[in-house]
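Survey of secondary and tertiary structure
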Amino acid sequence: MAEHFTQSGIPLKPLYKPDDVTGLDYDRDLGDPGQYPFTRGNRLKTGKGAWIHRELSGEGDPKRSNEQIKRLIAQGQTGMDLIGDAPTMGIMDADHPIAQKTAGTQGTSLCRRQDYIDLLGGLPIDTMSTSMSLPPSFGVCGLYLAAEQFGIDSKMLRGSVVNGPFYGEECSYAIHMPFKLRVRLATDAIEFATKEMPKFHAFLEDTYYIADGGLNVIEEMALGFVEVRHLVRELLGRGLDIDEFAPRIAFLVDCRMDFFEAIAQIRATRRLYARMMKEEFKAKDPRSLAVNIASHTSGLSMTAQQPINNVVRGTVEAMALALSGVQAMEISTFDEAYRTPSKEAHEVGLRTQQIIELETNVSSVNDPFGGSYFIESLTGEVEKRIWDMVTELEAVGDMEKVADGGVFRTIVVNAANRYAQEVGDGTLQKVGVNAFRVPDEEDTLLKEVTSSKIEPCRAQIDAIIDFRATRDAPRVNTSLQNLFGMASEEGPNLMYGICDASRAGATVGEMAGVMRQAYGRPYDPYQMVTSPLGL
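Scope of this entry: the structure provided in the associated data block. Throughout this document, residue positions are counted from 1 along each chain, in the order its sequence is written. Only residues with pLDDT of at least 70 are given local features in this predicted model, and only at 80 or more are side-chain atom pairs given and counted; all residues enter the totals for whole chains, interfaces and linings. Note that water and hydrogens are dropped before the side-chain values are worked out from all heavy atoms of the structure.

1. Structural notes on the packing of helix α2 (residues 62–74) against helix α4 (residues 113–120)
- Relative orientation of the contacting elements α2 and α4 amounts to 25 degrees, with a least axis distance of 7 Å. Here α2 is positioned roughly parallel relative to α4, judged by the angle of their axes. Considering only the axes of α2 and α4, their crossing is right-handed. Facing α2, whose interface residues are Pro62, Lys63, Ser65, Asn66 and Ile69, α4 presents Asp115, Asp118, Leu119 and Leu120. Fitting a line to C-alpha atoms yields each axis, with helices limited to the stretch in contact; the angle taken between N-to-C directions then spans 0 to 180 degrees. The helix and strand labels rest on DSSP assignments: H or I over at least four residues marks a helix, E over at least two residues marks a strand, and numbering proceeds from the N terminus. For classification, angles of less than 35 degrees are called roughly parallel, those exceeding 145 degrees roughly antiparallel, those between 65 and 115 degrees roughly perpendicular, and all remaining angles oblique. Definitions for this section: a left-handed crossing has its near helix turned counterclockwise from the far helix by less than a right angle. A right-handed crossing has that turn clockwise. We call two residues in contact whenever any of their non-hydrogen atoms come within 4.5 Å of each other.

2. Side note on the pattern of salt bridges
- Any Lys or Arg side-chain nitrogen found within 4 Å of a carboxyl oxygen on Asp or Glu counts as a salt bridge. Applying the stated criterion across every chain yields a total of 35 salt bridges.
- Between Glu219 and Arg418 there is a salt bridge; the shortest N-O distance is 2.9 Å. Of this pair, Glu219 sits in helix α9 (residues 217–237) while Arg418 sits in helix α17 (residues 407–425), placing them 199 residues apart in sequence.
- Overlapping salt bridges, with partners in common, bring together Arg28, Asp29, Arg271, Arg275 and Glu383 in one network.

3. Regarding the side chain of Ser342
- Its location among the elements puts Ser342 in the loop between β11 (328–330) and α14 (343–359).
- Pairing of N or O atoms within 3.5 Å defines a polar contact, subject to two protein rules: one partner must be a possible hydrogen donor and the other a possible acceptor, and residues neighboring in sequence count only if both atoms are side-chain atoms. Among the polar contacts listed, one links the side chain of Ser342 to the backbone nitrogen of Ala345, at a separation of 3.2 Å.
- When sequence neighbours within four positions are dropped, the list of residues in contact with Ser342 reads Phe334, Asp335 and Val449.

4. So, the packing of helix α20 (residues 473–488) against helix α22 (residues 508–518)
- Across the interface, α20 lies against α22 with an axial gap of 8 Å and an inter-helix angle of 40 degrees. Relative to α22, the element α20 lies oblique. Here α20 runs over α22; the crossing is right-handed. Listed contacts from α22 to Val476, Leu480, Leu483, Phe484, Ala487 and Ser488 of α20 are Glu510, Met511, Val514, Met515, Gln517 and Ala518.
- Note that Gly is not counted as nonpolar here; it falls among the polar residues with everything else outside the nonpolar set of Ala, Val, Leu, Ile, Met, Phe, Trp, Tyr, Cys and Pro and the charged set of Asp, Glu, Lys and Arg. Of the residues belonging to the contact of α20 with α22, the class tally is nine nonpolar, two polar and one charged.

5. Focus on the packing of aromatic side chains
- When the centres of two rings from Phe, Tyr and Trp lie within 6.5 Å, Trp using its six-membered ring, the rings pair. Their planes under 30 degrees apart give stacked, over 60 give edge-to-face, and anything left gives tilted. By the definition in use, this model includes 12 aromatic pairs.
- On the basis of an interplanar angle of 80 degrees and a centroid distance of 5.1 Å, the ring pair of Tyr144 and Phe192 is categorised as edge-to-face. Here Tyr144 is found in helix α5 (residues 136–150), whereas its partner Phe192 is found in helix α7 (residues 179–196), with 48 residues between them in sequence. Per residue, the accessibility class of Tyr144 equals that of Phe192, and both read buried.
- Plain terms: the ring middles of Phe251 and Tyr273 are 6.2 Å apart, the flat faces sit at 90 degrees to each other, and that makes the pair edge-to-face. Of this pair, Phe251 sits in strand β9 (residues 249–255) while Tyr273 is found in helix α11 (residues 259–280), placing the two residues 22 residues apart along the sequence. The pair formed by Phe251 and Tyr273 is uniform in burial state, with each residue classed as buried.
- Connected via pairs of aromatic rings, a cluster forms that spans Tyr16, Phe259, Phe260, Phe369 and Phe374.
- Placement of a charge over a ring requires the Lys NZ or Arg CZ to be within 6 Å of the ring centre, with the centre-to-atom vector within 35 degrees of the ring normal. Between Arg112 and the ring centre of Phe467, over which it is positioned, the NZ or CZ distance is 4.9 Å.
- The positively charged end of Lys278 is found above the aromatic ring belonging to Tyr36, 4.2 Å away from the centroid. Exposure is judged per residue with a 1.4 Å probe applied to protein chains only, and the accessible area is read against the type maximum: over 50% gives exposed, under 20% gives buried, and values in between give partly exposed.

6. Notes on the pairing of strand β10 (residues 292–297)
- For β10, a buried count of six out of six residues is recorded, marking the element as mostly surrounded by other parts of the structure.
- What you see with β10 is no split at all: Asn292, Ala294 and His296 on one side and Ile293, Ser295 and Thr297 on the other are buried throughout.
- Two strands pair under a simple rule: DSSP has to find at least two bridges between them. Two strands pair when backbone bridges link them, and β10 and β11 are joined in this way by three bridges, in the parallel orientation. If you follow Ser295 over to β11, its bridge partner there is Met329.

7. Digging into unusual backbone geometry
- In this model, Tyr36 is joined to Pro37 through a cis peptide bond whose omega is 5 degrees.
- With respect to the helices, strands and loops of the structure, Pro37 is situated in the loop between α1 (26–30) and β3 (52–53).
- Here Lys282, not a glycine, exhibits a phi torsion of approximately 60 degrees, which is positive.
- As for its placement among the helices and strands, Lys282 is situated in the loop between α11 and α12 (286–289).
- For Lys282, a relative accessible area of 52% corresponds to the exposed category.
- Non-glycine residue Asp367 carries a positive phi angle of around 45 degrees.
- Topologically, Asp367 is positioned in the loop between α14 and α15 (373–394).

8. Details of helix α19 (residues 458–470)
- An ideal rise of 1.5 Å per residue puts 18 Å on 13 residues; α19 measures up with 19 Å between its terminal C-alpha atoms.
- All buried positions along α19 are accounted for by Gln460, Ile461, Ile464 and Phe467. End-on view of α19: buried residues confined to an arc of 125 degrees, all on one side of the axis. Among the exposed residues of α19, those oriented more than 90 degrees off its buried face are Ala469 and Thr470.
- Looking at the buried side of α19, the elements it contacts are α2 and α4. Helix span is expected to be 1.5 Å times the residue number reduced by one. The directions from the helix axis to the C-beta atoms form the arc being described.

Have a look at this one:
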């Protein structure tokens, strides 16, 4: 019986030998980087620029966040990574009664077209990738309209937006929309970007946000693949060719402290994805088979106790990502357990990436663990277990039942309980939490920085209130009525209605509300704000 296991429960041997990879064929199962099945990387790339360096940004109002991003770029960041605050992620305006206490505290507040102009003004959105953790329809629209304002061709825009309609209602930011509307908005954004922003990844499968509640690698990736496969089928059902949109599919995955399993996760995901696209969905363009993978190191691995230890954790996880050949990464910083990154934490996270790339020589060789008996055996086992769980979940039949009918909820609740038990009983060792603890009065290093709070952004709340009072109300109402009509029909792509309403001065909360109404849901799920349409 095995004495040691990966965090996903895969038994580990004390030594791996040739017998552990019997049947492994180099050309069939590995291939060179840039060659099918892309296990070793989706392209051959070494040296400086091996991956995009970025750190999670956003706090307060858009102008304050703009300054934060400019500071990071000046320090060497090579890609932008933006996150909305809790109201923005829930598609709620900053002046909503529930939103006012959290506006701008865990990300930036984005409620209208002007906010995106203020957020992105003076930033190199035409030459640098813009990654957005935002509701996909509104993130795509905001970037598109900002480029329009700046005179930038939308076909030059690069970057990504998280696009996961399945699971947010249960474990993240609920938007209180029915499953069919969430899927429609997701696929509308992908189709819109395919035509209007062809370099942009509007199909970024974000498994990080579901995983960081305690899911293991197998659960994370299986749930992600189930969602990807459903959206691919939806897009094919619209008449799109697989090679029209598949080259712009990407994953944003979690990276945990289990070093070798993290590397196996990336490698297995690339191989499984390539085989799925080629054999099942009949993709022919090599770009459709080579999925881009970015990663955010695990926030769950970061601890409130002894936050200095989190610098080490972020470094270990970032090293695993560098060795596995991801396209981009951002590091959960030492104050992750307390807040969105402070100025000091941003600098530590960015410098960690730069030191790994420039001083360790790890970026000089692609997939350096390729061919290792252990890594190849573990990669194969991770791939098999992911696919077994995908098959099990798809056997449920109705994907709405998986997403909203309790299947996902059961998985994520069980995972959270499992994680808490493992930390509680010491099965999962956490330095500073259940091992090598120190008295609270001695746990002072970095505590002053980590405990600094971000206050609600009253300026943004007031700006939205003033904006409502001075805009062209008849034009806004006409645009919202049009969006309501489009949502009431099955055919129209809602992105065009969202863009038109944004130009007219509608807020994201108003647009989300009338679309809910078109699907028979309340305008405001909290019953605190009335519909401008009088419905």
